[in-house]
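Descriptive analysis of the structure
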Amino acid sequence: MTAAPAIHLAGLVHRYGTLEVLRGVDLEIRGPGCFGFLGVNGAGKTTTLRILVGFLEPVAGSVRVLGEPVDPGMPGLRARMGYLPQEPAFHPWMTGEEVLMLTGALHGFARREARRRVGELLERLDLAAAARRRVGGWSSGMRQRLGIAGALFASPDLLLLDEPVAALDPLGRTAVLALLKDLGRCSTVFLSSHVLADLERTCDHVTILHQGRILASEPLASLEGRFFQPVFEVEAGGDPEALRAGLAALPSVDLVEDAGPGATGTERVRIWARNRDAAGQEVPALVARLGVPLRRFAAVEPTLEEVFVRMVDGGTP
C-alpha cells in the first residue's frame, strides 16, 4: 500500500482582509526527503506553514498532512509533526533545559525519558554549555537552535521549518543545514526559505511559490534542466576589448559579462548562450581567428538563483 503524501493541498486560498495571499495552491509532497519551499518575502510561505500546522484556517481548499485532515485540534497528528516558526519565542526566565523539558511534558514523555532526550538534543544543537542559562540572555542564533531542538523533540515524521537558519552565523548555518539534510533520510523536512543557496545545499526537490501561486514543484535537477540558460566562462589572451566585442557578435551568444581577473595576461568573461552546442563551436573558432591563446572554455553549472530569476521574470522552458 502506498503511503499517504506528507503534505496535500488542493485549491488552497487564504486572504487577510482584501489581500489574497494564497490563490488556489495545489501541492503534493511525498517523503521522506528534504524539500525546499522557496519564495520572496511576502510570497505566502509562512501563511502556508501556519495553515499546515492548524494555526490558520484557509478561506477555501482542503489540507491534509500525513494522510489526515488538518483541524485546530488534531492531537494525534500534532504528535507526528514538528514546527519551527520564523521567530521562535520563549519565556525569558526559563533555561534552555527547562524549555525542552516542558516540550517533553507537552508531548507526554515520562520525566526520565524526557531528560535523556533533552540532553541528546542540547548536544546535537551545540547548546549543552548554555543549557542552564536563562534564554532571555541567549543570542538570536541560540534561540533559533533551541526552537529547532523543540521541533525535533518527538522525532516527527514531518518537520515544518520556517526560515530555520535565518539568525545563525555561517558555522551554525552550515551545521544545521547538514543536520536537516541528514534528517531527510528518514523524515519529511519541509524547509521554507528565501535564501536560495541554503536550499540548494540541502534539498533535492524545490517548490517555488510566487504571488500566492505555485510556479513549480519538482526535483531541483529537473528545474535546472528546464529553465537554465547555458553559461560558459572564457579565459583568453590578447586584446580584452576585441575578445568581448567578438563574443558579443556571435549568433549563439546572448550576453557577455566580465567575470573578474584571469591569469596574467588573460581576460576572463562569462557568456550566456542561446544554444549550448553552437556556442561550443563558435567560441573556440572566434579565439582561433583572433590568434590568441585560449586558456579556459568551460560550461558553468546552473544555480537555483538563476532558475528562480528566470521563472519569476516569466521565463519559459
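Structure report, in brief. (Residues numbered from 1 in each chain as written. Predicted model: local features only at pLDDT ≥ 70, side-chain atom pairs only at ≥ 80, totals over all residues. Heavy atoms only, no water.)

**Let's talk about unusual backbone geometry**
Let me state the cut-off plainly: Secondary structure elements are defined from DSSP: runs of H or I of at least 4 residues count as helices, runs of E of at least 2 residues count as strands, and each element is numbered from the N terminus. For the exposure calls, accessible area comes from a 1.4 Å probe over protein chains only, and a residue counts as buried if that area is under 20% of its type's maximum, exposed if over 50%, partly exposed in between.
Of note, the amide linkage connecting glycine 31 to proline 32 takes the cis form, showing an omega dihedral of 0°. Inspection of the secondary structure assignment puts proline 32 in the loop between β2 (19-29) and β3 (33-38). Non-glycine residue aspartate 126 carries a positive phi angle of around 60°. Mapping aspartate 126 onto the fold places it in the loop between α4 (111-124) and α5 (140-152). Given the relative accessible area of 63%, aspartate 126 is considered exposed.

**Focus: the packing of aromatic side chains**
The condition that has to hold: Here a Phe, Tyr or Trp ring, Trp counted by its six-membered ring, pairs with any other such ring whose centre lies within 6.5 Å, and the pair is stacked when the planes are under 30 degrees apart, edge-to-face when over 60, and tilted otherwise.
Taken as a whole and judged by the stated rule, the model has four aromatic pairs. An angle of 80° between the planes, with centres 5.5 Å apart, marks the rings of phenylalanine 55 and tyrosine 83 as edge-to-face. You can see phenylalanine 55 sitting in the loop between α1 (45-52) and β4 (60-65) and its partner tyrosine 83 sitting in strand β6 (residues 81-84), a full 28 residues away along the chain. What makes phenylalanine 55 partly exposed here is its relative accessible area of 44%. Since its relative accessible area comes to 18%, tyrosine 83 is described here as buried. Taking 5.0 Å as the distance between ring centres and 85° as the angle between the ring planes, the aromatic pair formed by phenylalanine 109 and phenylalanine 153 counts as edge-to-face. Taken together, the residues phenylalanine 109 in the loop between α3 (96-106) and α4 and phenylalanine 153 in the loop between α5 and β7 (158-162) connect sequence positions 44 residues apart. Phenylalanine 153 gets classed as buried once you look at its relative accessible area, which sits at 0%.

**Looking at the pattern of salt bridges**
What counts, and what does not: Salt bridges are counted wherever a side-chain nitrogen of Lys or Arg sits within 4 Å of a carboxyl oxygen of Asp or Glu.
The final tally for this structure, using the stated rule, is 17 salt bridges. Across the pair arginine 116 and glutamate 120 runs a salt bridge whose closest N-O atoms are separated by 3.2 Å. On the criterion of helical spacing, the pair formed by arginine 116 and glutamate 120 is a turn pair, its members being four residues apart in helix α4.

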